[in-house]
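Residues per chain, in single letters:
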Amino acid sequence: GKVTVQGNMRPAVRVRVDPARLASYGLSMEDVRTAVSAANVNGAKGGFDGPRQAIALGANDQLLSPDAYRSLVIAYRNAAPVRMSDVGTVVAGVENDRVAATYIGNGPPHPAVVLDIQRQPGANIVQTVDRIKAALPALQRSMPAAISLTIVTDRTETIRASVNDVQLTLVLSIVLVVLVIFAFLRSWRATIIPAVALPLSLIGTFGIMSWLGYGLDNLSLMALTVATGFVVDDAIVMIENVVRYIEQGVPPLEAAYKGAAQIGFTIVSLTISLIAVFIPLLFMTGVVGRLFSEFAVTLSVSVIVSAVVSLTLTPMMCGRLLRPASEARPGRLARMTEGGFERMLRGYKHGLEWSLRRQGFVLLVALATLIGTVVLYAVIPKGFLPLQDTGVIVAVTEAEQSVSIPRMITLQAAAADVIRRDPAVAGIVSFVGAGSINATPNTGRLTIELKPRNQREADAAAIAERLQSQLTNIPGLTVFMQPVQDIQIGTRISRTQFQYTLIDTDSKELNEWSPRLLARLRSVPILRDVASDAQNDGFRTFVRVDRDAAMRLGVSMQAIQDVLYDSFGQRQISTIFSQSNQYRVVLESDAAWQKDPASLLNLRFPGLGGAQVPLTAIASIEHITAPLSVTHEQQFPSATLSFNLAPDASLGEAVQAIADAERDIQLPRTISGSYSGDAEEFQKSLATEPYLILAAIVVIYIVLGVLYESMIHPITILSTLPSAGIGALLALR
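Now for a look at the structure at hand. (Residues numbered from 1 in each chain as written. Predicted model: local features only at pLDDT ≥ 70, side-chain atom pairs only at ≥ 80, totals over all residues. Heavy atoms only, no water.)

## What to know about the overall build of the protein
Moving on, step 1. Each helix and strand in the protein was counted, giving 21 helices and 25 strands.
Moving on, step 2. For the protein, whose C-alpha radius of gyration is 37 Å, the value lies well above the compact-globule estimate of 27 Å for 733 residues.
Moving on, step 3. With the principal axes as the frame, the protein shows a C-alpha extent of 125 × 80 × 50 Å.
Moving on, step 4. Counting over 733 residues, the protein shows a buried share of 39%.
Moving on, step 5. Within the protein, counting contacts between residues at least 6 apart in sequence, those at least 24 apart form 75% of the total.
Moving on, step 6. Carbon and sulfur atoms make up 60% of the accessible area of the protein, which amounts to about 40000 Å² in all.
Moving on, step 7. Seen as two clouds, the 61 positive and the 61 negative side-chain charges of the protein have centres 5 Å apart. (Helix = DSSP H or I, 4+ residues; strand = E, 2+ residues; numbered from the N terminus. Rg over C-alpha atoms; globule rule 2.2 N^0.38 Å. Buried < 20%, exposed > 50% of the residue type's maximum accessible area, 1.4 Å probe, protein only. Contact = heavy atoms within 4.5 Å. Areas by Shrake-Rupley, 256 points an atom, 1.4 Å probe, with all protein chains shown as cover. Lys, Arg positive; Asp, Glu negative; His and termini not counted. Charge placed at Lys NZ, Arg CZ, Asp CG, Glu CD.)

## Observations regarding the side chain of T440
Moving on, step 1. By secondary structure assignment, the location of T440 is in the loop between β12 (425-432) and β13 (443-450).
Moving on, step 2. A polar atom in the side chain of T440 sits 2.6 Å from the side chain of N442.
Moving on, step 3. Excluding its chain neighbours within four sequence positions, the residues that come into contact with T440 are A434, Q535, L628 and S629. (Polar contact = N/O pair within 3.5 Å; in protein donor to acceptor, adjacent residues only side chain to side chain.)

## Points about the packing of aromatic side chains
Moving on, step 1. Applying the stated criterion across every chain, the model contains three aromatic pairs.
Moving on, step 2. Their ring planes at 85 degrees and their centres at 6.1 Å tell us that W354 and F361 sit as a pair that is edge-to-face.
Moving on, step 3. Given the relative accessible area of 37%, W354 is considered partly exposed.
Moving on, step 4. The partly exposed category is assigned to F361, whose relative accessible area is 47%.
Moving on, step 5. The ring centre of Y245 lies 5.0 Å from the NZ or CZ of R244, which sits over that ring.
Moving on, step 6. In this structure, R516 packs its charged tip against the face of W513, placed 4.2 Å from the ring centre. (Phe/Tyr/Trp six-rings, centres within 6.5 Å; stacked < 30°, edge-to-face > 60°. Lys NZ or Arg CZ within 6 Å of the ring centre and 35° of its normal.)

## Describing helix α7 (residues 188-212)
Moving on, step 1. In this model, α7 (25 residues) spans 37 Å end to end at C-alpha, consistent with the 36 Å of a helix rising 1.5 Å per residue.
Moving on, step 2. Immediately beyond the C-terminal end of α7, within one or two residues, lies G213, with a positive phi of roughly 85 degrees. (Expected span 1.5 Å × (residues − 1).)

## Considering unusual backbone geometry
Moving on, step 1. Of note in this structure, Q634 is not a glycine but carries a positive phi near 55 degrees.
Moving on, step 2. Along the chain, the position of Q634 falls in the loop between β23 (632-633) and β24 (636-645).
Moving on, step 3. One non-glycine residue, Q666, adopts positive backbone phi at about 60 degrees.
Moving on, step 4. Tracing the backbone through its elements, the reader meets Q666 in the loop between α18 (651-665) and β25 (672-676).

## Some details on a nonpolar patch on the surface
Moving on, step 1. A contiguous nonpolar patch, built from L364, L367, L370, I371, V374, V375 and V379 and spanning about 640 Å² of accessible area, is present on the exposed surface.
Moving on, step 2. For I371, the location among the structural elements is in helix α12 (residues 359-379).
Moving on, step 3. For I371, a relative accessible area of 48% gives the class partly exposed. (Patch = residues over 30% accessible without salt bridge, like charges linked within 9 Å, V, L, I, M, F, W, Y side chains within 5 Å. Salt bridge = Lys/Arg side-chain N within 4 Å of Asp/Glu carboxyl O.)

## Overview of the packing of helix α6 (residues 156-185) against helix α8 (residues 218-247)
Moving on, step 1. Remark: α6 packs on α8, axes separated minimally by 10 Å, with the N-to-C direction vectors making an angle of 15 degrees. Looking at the two axes, α6 sits roughly parallel to α8. Helix-helix and strand crossings are classified by hand; for α6 and α8 the assignment is right-handed. Side by side, α6 and α8 meet where S162, V163, V166, T169, L170, S173, I174, V177, I181 and L185 of the first sit next to N218, L221, L224, T225, T228, V232, I236 and I239 of the second.
Moving on, step 2. Tallied by class, the residues present in the contact of α6 with α8 amount to 12 nonpolar, six polar and no charged. (Axes fitted to C-alpha atoms, helices over the stretch in contact; angles between N-to-C directions. Parallel < 35°, antiparallel > 145°, perpendicular 65-115°, else oblique. Left-handed = near helix turned anticlockwise from the far one by under 90°. Nonpolar A, V, L, I, M, F, W, Y, C, P; charged D, E, K, R; others polar.)

## Some words on the pattern of salt bridges
Moving on, step 1. Using the criterion set out here, one finds 24 salt bridges in the structure.
Moving on, step 2. E588 is the salt-bridge partner of R14, the closest N and O atoms lying 2.9 Å from each other. A residue pair is termed long-range when its members are at least 10 positions apart, and R14 in strand β2 (residues 11-17) and E588 in strand β19 (residues 582-589) qualify at 574 residues. For the pair shown, R14 and E588 are each scored as buried.
Moving on, step 3. Between D566 and R33 there is a salt bridge, with its nearest N and O atoms 2.9 Å apart. Residue D566 is located in helix α17 (residues 557-568), and its partner R33 is located in helix α2 (residues 29-39); the two are separated by 533 residues in the primary sequence.
Moving on, step 4. Because the salt bridges share partners, they merge into one network encompassing R14, R16, D97 and E588.

## Concerning the side chain of Q482
Moving on, step 1. With respect to the helices, strands and loops of the structure, Q482 is situated in strand β14 (residues 477-483).
Moving on, step 2. From its side chain, Q482 meets the backbone oxygen of T496 in a polar contact 3.2 Å long.

## Let's talk about the sheet that holds β14
Moving on, step 1. An order of β9-β8-β12-β13-β11-β14 is seen for the six strands of this open sheet, with the pairing classed as antiparallel. With one partner strand each, in any of the chains shown, β9 (110-111) and β14 form the two edges of the open sheet.
Moving on, step 2. For strand β11 (residues 392-399) and β13, the ladder comprises seven bridges, and the chain directions are antiparallel. By the bridge assignment, E398 is partnered in β13 with T443.
Moving on, step 3. On top of the sheet, helix α14 (residues 460-471) reaches β11, β13 and β14; it is set at about 175 degrees to β14, its chief contact. (Pairing = 2+ DSSP bridges.)

## Digging into the nonpolar core
Moving on, step 1. Counting 50 residues, the largest nonpolar core has L502, L517, L521, L527 and F643 as its most contacted members.
Moving on, step 2. Beyond its immediate sequence surroundings of up to four residues, L527 is in contact with L521, F643, N644, L645, A654 and I658.
Moving on, step 3. The next biggest cluster of nonpolar side chains, apart from the first, holds 35 residues, and it includes L27, A35, I74 and F605. (Core = buried A, V, L, I, M, F, W, Y, C linked by side-chain atoms within 4.5 Å.)

## Details of α18
Moving on, step 1. In this model α18 runs 21 Å from its N-terminal to its C-terminal C-alpha over 15 residues, within 8% of the 21 Å that 1.5 Å per residue would give.
Moving on, step 2. Within the span of α18, buried status applies to L651, A654, V655, A657, I658, A661, E662 and I665. The buried residues of α18 occupy one face: seen down the axis, they fall within an arc of 160 degrees.
Moving on, step 3. After α18 finishes, the residue Q666 shows a positive phi value of roughly 60 degrees. (Arc of directions from axis to C-beta.)

## Structural notes on the sheet that holds strand β7 (residues 88-94)
Moving on, step 1. Read from one edge to the other, the open sheet built from four strands follows the order β7-β2-β19-β18, with strand pairing classed as mixed. Each end of this open sheet is capped by a strand with a single partner; those strands are β7 and β18 (571-577). Recorded for the sheet is a direction-independent mean angle of 25 degrees between the axes of neighbouring strands.
Moving on, step 2. With respect to the sheet, α2 is in contact with β2, β18 and β19, its orientation differing from that of β19 by roughly 165 degrees.

## Re the packing of α6 against α7
Moving on, step 1. As a packed pair, α6 and α7 sit with axes 9 Å apart at the nearest point and diverge in direction by 155 degrees. Judged by the inter-axis angle, α6 sits roughly antiparallel to α7. α6 and α7 meet at a crossing whose hand is right-handed. In this structure, α6 uses L170, I174, V177, V178, I181, F182 and L185 to contact α7, whose residues at the interface are W188, A190, T191, P194, A195, L198 and L202.
Moving on, step 2. For the contact of α6 with α7, a count of residues per class yields 13 nonpolar, one polar and no charged.

Spelled out as structure tokens, the structure:
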């Protein structure tokens, strides 16, 4: 689907020119660029087509090695050639030496090229990873012996673990369900029937899932786990009704006909009611709806299949396997448990009679339960998705905005060294430099691979917090950590897990108020690692050109642009074409001249009559501050504040705290704020959740009203909802 490269992957020939030596020959960077471009060409040259033979035409028009560029003649002075080696050096290097990737495993750090591989939409990720792993040995054999291929992180490990866990859960669920049925029915013949119905319902669900194009993922597996309890309900209801007739002396086959005819409507109503519960999930919008639609469909399909099995196979097996009441011989287990069941039945009877004699009190309890459910729903902490331990932590590092790449590499190496010493860490990938991962050159990224869960004492969140405290001792570097999640809603690259974006039409007003809100949020106890992506204090050397003077001396703005870019921009000026690849020729000034803005004084620009004009004759140099990057949201200037949550804090509390902070500092109404990623979806789901619950209740009421042809019976059934709701909310507390 997509492969993102981090690090220096492409080799190149780097031409590094000394501006002082170049000026001594009366030459400029433009002369070097022109000479290299003219000396390295690759194009069709035609050929010869004689009476009997055809001959292609070729020439040594390409310079293929650094040595060839060193001897390249740039110009002639005093009838003597000025070669590239006279004005600079030529080395074999990489296209971009301002990014660096490092892998740290069990041994010392190694320079690395990191490939982040993403599957195509709709592709099975486990199969994709298996195919990649199968291709790695052949790729390794085609590489030099000094280069090794290492899998740093494999996101399918948690998926495979989930599949294995659900397989075990399904087997355990089947065994437990069968044992419970046996304990109550006390007949192995009766127990076989739901024991067959359960796996058959799941197998039928697999078939329909395959027809719908679904696969086994975390959500469908969760649905199957929940369905394990649902799919036996219909079979148990059918068996219980048939057994009741058999106990009254009806022959098994006749009891199966009577029981199925009597209870069939109930099974249909149970099935439709359960499906009605999932109708709101099926029609939810946004990312949450996309996530849970597969869950709802899978669970609905399993309920429908179980109903079909219970209405067909289950009564048939009851008629064939169950024995008449006259032949029933209760075993020792049945005799031992019968007394307990009788006592439980008598206890329930007394409790029911007690409740019916005190109907007013029971109604008050029901009302208190309903009120308690509403109150608990209002006060319980609310979040979007629970935090996972996938075995991977991402750390975003940030230094001062004027930091150089060598200094940033040093700081990043210090952070990686601290992390590597932690006993829970298995490996680290470090990346420094602006690119698709890091928006600005003063940021870096560390992907931390943890050891398997059974080889470490803490989960990923606790390890991240521990590493965070250890990394505060590195001066000049701030580190933000977050455990990687399987389900990631946001696509924005962020320092922390949640993002809040401020938008304003006036960038000056935005730059004034976003730091105030940032400072206020950093004082909120439930928020951690609060940061901003605004980078407005970078250093800039500004060349202010006197256009009149430049035009008088014959120096155009294009010439000034070209010379500056040739000297300090890693400009790609030519291409070397080989049989299997393409390599760039990169022009720049010598490394010693790229360290200080004073080097600008040595630059020369082509003017009238071939004269070389110094920069001081046409421009002045200023040192100012300027943004490292300018971010936009919906075409307007923006600043994104990101944050993590303190332990035991909820996202709902954080949303309220941010609203309070805006009110405290009196944020202007011209600045609008919006959440993105997980926080955005959380707000959407929180706003629609009460309506979805109400919609589910209304749908169930309508379905039950149609089934029972009554307006009262559905209310009787729905009156059990508050007790279920308060039980779930108390369990969450």
